[in-house]
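If you want the building blocks of each chain, they are given just below.
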Amino acid sequence: MNSGRLDATFAALADPTRRAILARLASGEASVTTLAKPFAMSQPAISKHLKVLERAGLIRRGRDAQRRPRRLEPKPLADATRWLERYRRLWEGRYQHLDALLDELKTKEKTPGDHR
Amino acid sequence: MKSAETLTVTTSSEREIVMTRVFDAPRQLVFDAHTKPDLVKRWLLGPPGWSMPVCEIDLRVGGKYRYVWRRDSDGTQMGIGGVYREIVAPERIVNTERFDEAWYPGEGLGTLVLVERGGKTTLTNTMRYESRAARDAILKSGMETGVAASYDRLAELLASTT
C-alpha cells in the first residue's frame, strides 16, 4: 500500500464536512449543487472540500460534462477503513472483556454483607 | 436486554485517533479498571493468543506504567510504557505512550476522559502522536486479525462520525 496515498486519505477524512460529503456519495453520484445543499456553506467552500477529496483520490468527476457529478472512488477509502477497522476490532475485543469485568465488579459491590 | 455498545474509532485530525465507547457501569469502576493492575490485566489484552505477563502502574503524576504482552506460541514480546502527566480520579488521565520497538517517531500522548450519566459511563480515549506518519504507523501495526472491511461497514463508520 502506498503510504503517501494513505496519508492523503486520512487527512481528507479528518474533516466532518468531507466525511458527510462521502457519506452522501456512498448512496450515489451527485452534482456540486446537490452536495452543497445540506451545508450552510457557499459553493466555493464546498468546491474546496471537493478538491481535497479529489486530490486524495477519494472521489472523481463523472462523464457528464454539464453537471460534472462527483462520485465515490471506493478503493482508497476501503484501504483506509481496513486500517481503522483492524484497530477498532482489537479495542472492541478489549472493551467486551471490560464489559464483563465491570458486570462482575458491579455484582460484587451489590453483594449484601460486603459493605460494612 | 441490550446489544453490545458500539465503539467508534475516528481520526479527528491528522495526528489523532479518537475512540468513544459507553459502559453500563459507574465511572469509578471504569476508572479502577484502567488503573488497578489486577483489573487491567483482565481486559487490556492483545490479539487472540497473546497474554499480558507484565502490568505495572505507579498511579501518580510523574509515575510510570509498563505493559508487556507475549505471544504464547513463540514467546514474541511487545512492550509499551510511559509516564502519567495528569490524574483526576475518577474522570481524567493523561499519559505518554511509547512502544519498546520504536518504529514511529516521538511519543504518543493519551487522554482518557470518563463522563458518567445515569449510571452509565462514556469513555473517550484520544491518542495524539507527534506526526501523521506516527499515527498511521500505529493504525497499521500489530493487529493481525485483518478482515477486509466491507463497503457497508464504511458507510456505517462514516454515519457514526458525522
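From a predicted model like this one, the values you see are computed outputs, not experimental measurements.

A. View of the overall build of chain A. Helix and strand counts for chain A come out as five helices and two strands. The order of α-helices and β-strands along chain A, N terminus first, is α-α-α-α-β-β-α. For chain A, the residues scored as buried account for 27% of the 116 residues in total.

B. Summary view of the overall build of chain B. The helix and strand inventory of chain B stands at four helices and eight strands. Helices (α) and strands (β) of chain B occur, in sequence order from the N terminus, as β-β-α-α-β-β-β-β-β-β-α-α. Intrachain contacts of chain B at a sequence separation of at least 6 include 39% that bridge at least 24 residues.

C. Representation of the confidence of the model for chain A. Averaged over all residues, the pLDDT of chain A is 81; the fraction at 70 or higher stands at 90%. Here helix 1 (residues 3-13) of chain A is the element of chain A with the lowest mean pLDDT, 71, and helix 4 (residues 43-55) of chain A is the one with the highest, 91.

D. Representation of the sheet that holds strand 8 (residues 120-128) of chain B. All names here are of chain B. Strand order in the open sheet formed by eight strands is 1-2-8-7-6-5-4-3, and the pairing between neighbours is antiparallel. Edge positions in the open sheet fall to strand 1 (8-10) and strand 3 (50-57), since each of these has one partner strand only. Direction aside, neighbouring strands of the sheet carry axes that sit 20° apart on average. When strand 7 (residues 108-117) meets strand 8, the two strands line up antiparallel, connected through nine bridges. Note that in strand 8 the partner of Arg117 across the bridge is Lys120. Against the sheet, helix 1 (residues 27-35) touches strand 2 (16-23), strand 3, strand 6 (92-99), strand 7 and strand 8, its axis set at about 155° to strand 7.

E. Up close: the environment of Ala30 of chain A. Looking at where Ala30 of chain A falls in the secondary structure, it is placed in the loop between helix 2 (16-25) and helix 3 (32-36). Filtering out sequence-adjacent residues up to four positions away, Ala30 of chain A remains in contact with Arg24, Leu25, Leu35, Pro69 and Arg70 of chain A.

F. Region of interest: the confidence of the model for chain B. Residues and elements named next belong to chain B. Averaged over all residues, the pLDDT of chain B equals 79, while 72% of them reach at least 70. Contacts of residues 142-162 to residues separated by more than four positions or lying in other chains number 41 contacts, the stretch itself having pLDDT below 50. The ipTM assigned to the predicted complex is 0.74, against a pTM of 0.67.

G. Fine view of the packing of helix 2 of chain A against helix 4 of chain A. All names here are of chain A. Contact geometry for helix 2 and helix 4: axes closest at 10 Å, N-to-C directions at 75°. Classed by the angle they form, the pair helix 2 and helix 4 counts as roughly perpendicular. Here helix 2 contributes Thr17, Arg18 and Ile21 to the contact with helix 4, which in turn contributes His49, Val52 and Leu53. Partitioned by chemical class, the residues of the contact of helix 2 with helix 4 number three nonpolar, two polar and one charged.

H. Molecular detail of helix 4 of chain A. For helix 4 of chain A, built from 13 residues, the straight-helix expectation of 18 Å at 1.5 Å per residue is met to within 8% by its first-to-last C-alpha distance of 18 Å. The first or second residue beyond helix 4 of chain A is Gly57 of chain A, which carries a positive phi of 75°.

I. Representation of the nonpolar core within the structure. Core analysis: the largest hydrophobic core is formed by 35 residues, its most contacted members being Leu53, Leu58 and Leu102 of chain A together with Val30 and Ala33 of chain B. Taken together, the elements giving at least two residues each to this core come down to helix 1, helix 2, helix 3, helix 4 and helix 5 (74-110) of chain A together with strand 2, helix 1 and strand 7 of chain B. With seven residues, the single largest contributor to this core is helix 5 of chain A. Not counting residues within four places of it along the chain, the set of residues in contact with Leu102 of chain A comprises Phe23, Ala25, Leu29, Val30 and Ala33 of chain B.

J. Representation of the pairing of strand 5 (residues 77-88) of chain B. Residue and element names in this part refer to chain B. Summarising the sheet, strand 4 (residues 64-71) and strand 5 pair through seven bridges and their orientation is antiparallel. Directly across from Lys64, in strand 5, lies its bridge partner Val83. What sits between the antiparallel neighbours strand 4 and strand 5 is a turn of five residues, in which Gly75 has the positive phi angle 80°. Hairpin connection of strand 5 to strand 6: three residues between the antiparallel strands.

K. Spotlight on the environment of Val61 of chain B. Residue and element names in this part refer to chain B. With respect to the helices and strands, Val61 occurs in the loop between strand 3 and strand 4. Under the C-beta neighbour-count criterion, Val61 is labelled exposed, with 11 such atoms within 10 Å. Not counting residues up to four positions away in its chain, the partners in contact with Val61 are Tyr84, Arg85, Glu86 and Ile87.

L. Highlighting the environment of Thr124 of chain B. All names here are of chain B. Assignment of secondary structure puts Thr124 in strand 8. Classification of Thr124 as partly exposed rests on a count of 14 C-beta atoms within 10 Å. Note: C-alpha distance between Thr124 and Val113 (11 residues apart in sequence) is 5.2 Å. If sequence neighbours within four positions are ignored, Thr124 has contacts with Val18, Thr20 and Val113.

Cut-offs and rules
Residues numbered from 1 in each chain as written. Chains lettered and ligands numbered in written order. Predicted model: local features only at pLDDT ≥ 70, side-chain atom pairs only at ≥ 80, totals over all residues. Helix = DSSP H or I, 4+ residues; strand = E, 2+ residues; numbered from the N terminus. Buried ≥ 20, exposed ≤ 12 C-beta atoms within 10 Å, placed from the backbone. Contact = placed C-beta atoms within 7 Å. pLDDT = per-residue confidence, 0-100. Pairing = 2+ DSSP bridges. Axes fitted to C-alpha atoms, helices over the stretch in contact; angles between N-to-C directions. Parallel < 35°, antiparallel > 145°, perpendicular 65-115°, else oblique. Nonpolar A, V, L, I, M, F, W, Y, C, P; charged D, E, K, R; others polar. Expected span 1.5 Å × (residues − 1). Core = buried A, V, L, I, M, F, W, Y, C linked by C-beta atoms within 7 Å.

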